[in-house]
Amino acid sequence: MAPGGSVCKEVVEFYPKLTKYDVVMAKAEKNNTSVKLVVGSCEKHGTPSTNGVHELLECPVCTNLMYPPIHQCPSGHTLCSNCKIRVQNCCPTCRLELGNIRCLALERVAESLELPCRYQSLGCQDIFPYYSKLKHEQHCRFRPYSCPYAGSECSVLGDIPTLVGHLKDDHSVDMHDGCTFNHRYVKANPHEVENATWMLTVFNCFGRQFCLHFEAFQLGMTPVYISFLRFMGEDSEAKNFSYTLEVGGNGRKLTWQGVPRSIRDGHKKVRDSLDGLIIPRKLALFFSGGDRQELKLRVTGRIWKEQ
Ligand SMILES: [Zn+2]
Ligand SMILES: [Zn+2]
Ligand SMILES: [Zn+2]
Ligand SMILES: [Zn+2]
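First, a word on scope: everything that follows refers to the structure included in this document. (Residues numbered from 1 in each chain as written. Chains lettered and ligands numbered in written order. Predicted model: local features only at pLDDT ≥ 70, side-chain atom pairs only at ≥ 80, totals over all residues.)

1. Considerations on the sheet that holds strand β3 (residues 78–79)
Here three strands make up an open sheet; going across it, the order is β3-β2-β4 and the pairing antiparallel. The strands lining the two open edges of the sheet, one partner per strand, are β3 and β4 (101–102). (Pairing = 2+ DSSP bridges. Helix = DSSP H or I, 4+ residues; strand = E, 2+ residues; numbered from the N terminus.)

2. Brief notes about the pairing of strand β11 (residues 198–205)
For strand β9 (residues 174–177) and β11, the ladder comprises four bridges, and the chain directions are parallel. The residue bridging D174 from the neighbouring strand is T201, located in β11. In this sheet, strand β12 (residues 208–219) lies alongside β11 in antiparallel orientation, the contact comprising eight bridges. Across the sheet, M199 pairs through a bridge with F214, a residue of β12. In textbook terms, the turn of a hairpin is the stretch between consecutive antiparallel strands, and for β11 and β12 this stretch comprises two residues, one of which, F206, has a positive phi near 55°.

3. Here's the deal with helix α9 (residues 281–288)
Taken together, the buried positions of α9 are occupied by A284, L285, F287 and S288. Buried positions in α9, seen along its axis, are confined to an arc of 155° and lie on one side of it. The elements touched by buried residues of α9 are β13 (222–231), β14 (241–249), β15 (252–258), β17 (277–280) and β18 (295–305). Of the residues one or two after α9, G289 is the one with positive phi, at around 70°. (Buried ≥ 20, exposed ≤ 12 C-beta atoms within 10 Å, placed from the backbone. Arc of directions from axis to C-beta. Contact = placed C-beta atoms within 7 Å.)

4. Details of the environment of V164
By secondary structure assignment, the location of V164 is in helix α6 (residues 160–170). The spacing of V164 and C147 is 17 residues in sequence and 9.0 Å in space, taken between C-alpha atoms. If we ignore the near neighbours within four places in the chain, the residues touching V164 are V202 and Q209.

5. Some points on the pairing of β18
Two faces make up the sheet, and in a regular strand the side chains alternate between them. Summarising the sheet, strand β10 (residues 180–187) and β18 pair through eight bridges and their orientation is antiparallel. Considered in β18, the bridge of F181 is made with G301. Across seven bridges, β14 lies against β18 in antiparallel orientation. By the bridge assignment, F241 is partnered in β18 with K305.

6. A closer look at the sheet that holds β18
Strand order in this open sheet of four strands is β10-β18-β14-β15, and the pairing throughout is antiparallel. Taken across any chain shown, the strands that pair with only one partner, and hence form the sheet edges, are β10 and β15. Strand-to-strand, the axes of this sheet are offset by a mean angle of 20°, without reference to chain direction. (Axes fitted to C-alpha atoms, helices over the stretch in contact; angles between N-to-C directions.)

7. Considerations on helix α4 (residues 104–111)
For α4, the set of buried residues is L106, V109 and A110. Mapping the buried residues of α4 onto a view down its axis gives an arc of 100°, with all of them on the same face. Away from its buried face by more than 90 degrees, α4 exposes R108 and E111.

8. Quick look at unusual backbone geometry
Going from P68 to P69, the amide bond is cis rather than trans, its omega being -5°. Mapped onto the secondary structure, P69 falls in the loop between α2 (52–56) and β2 (71–72). With phi around 55°, L274 is a residue other than glycine that occupies positive phi space. Within the element layout of this structure, L274 appears in the loop between α8 (267–272) and β17. Residue class for L274 comes out exposed when judged on the 12 C-beta atoms lying within 10 Å of it.

9. Focus on the nonpolar core
Core analysis: the largest hydrophobic core is formed by 36 residues, its most contacted members being F210, C211, V247, L277 and A284. Among the secondary structure elements, those contributing two or more residues to this core are α6, β11, β12, β13, β14, β17, α9 and β18. Discounting chain neighbours no more than four positions away, the residues touching A284 are Y225, I279, L295 and L297. Of all hydrophobic cores here, the second largest spans 14 residues; its members include V53, L56, L113 and Y130. (Core = buried A, V, L, I, M, F, W, Y, C linked by C-beta atoms within 7 Å.)

What follows is the structure in structure tokens.
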């Protein structure tokens with residue numbers, strides 16, 4: 001079957017007349033005896049690729065790497081499955097009707113590739129078969145972290161030092177040195193749980209950073225406050241630490257002992273799993289003393305390293 005100009009409707013397999021990767025494959029076989037190719041990481045847009053195969057696997061429309069099903073038009077122009085949906089059945093290059101043609105040849109070429117993790121520049125040294133690369137990257141421990149600030153949809157990503165600077169500069173977060181703390185939370189109108197209160201303090205201790213969250217939310221019908229600690233790093237490291245939180249007043253005291261959660265877990269996830277010190281608002285106001293109209297909580301705590 002040869003590629004032609006006619007509009008094909010239900011052809012599932014359709015081999016394009018592309019010869020570029022045939023040549024690359026042939027070369028690879030000659031030089032390496034194996035067809036496994038390791039090509040440079042050049043996923044950044046606009047970075048000139050040094051390898052023809054890699055270039056072929058870049059979707060010409062969105063420039064992302066293509067994964068099966070890879071589509072093509074009757075003239076052989078390839079595009080990724082996301083773009084195929086977007087272009088409404090019309091090839092962006094030649095305007096022919098796209099139909100439903102898969103480019104199995106290119107999918108098979110991709111199978112023979114091995115590529116470095118996209119976070120290579122952030123420290124990941126691993127190399128993966130093309131199709132398992134994506135899966136690895138979703139869990140790669142070198143992938144950037146999301147900003148841990150709660151209460152706003154912040155989309156900043158980065159490594160820990162970048163995020164610490166960002167919290168300080170862009171969210172005006174308080175930074176404290178030391179592994180013990182003594183914090184006061186004061187709120188004039190504690191009855192506004194809907195306009196939830198979010199507080200974040202960052203602690204520097206053991207050369208690492210911890211985020212202390214304090215927020216109001218509705219637990220079923222009960223308005224409560226929760227306070228918990230998150231570790232700015234991976235979960236495997238977070239497990240090496242423990243912390244306590246204490247809050248009280250009027251001769252009563254609540255104590256919580258826990259293990260900090262990694263900031264890989266969103267603050268909402270931690271909150272909803274109730275993995276922290278929970279203070280019902282009524283009790284919080286009782287702790288606050290006075291006329292029980294104003295929230296005045298003193299939360300003390302300590303972080304330590306498990307041996
Ligand atoms: Zn695309
Ligand atoms: Zn086309
Ligand atoms: Zn990686
Ligand atoms: Zn942020």
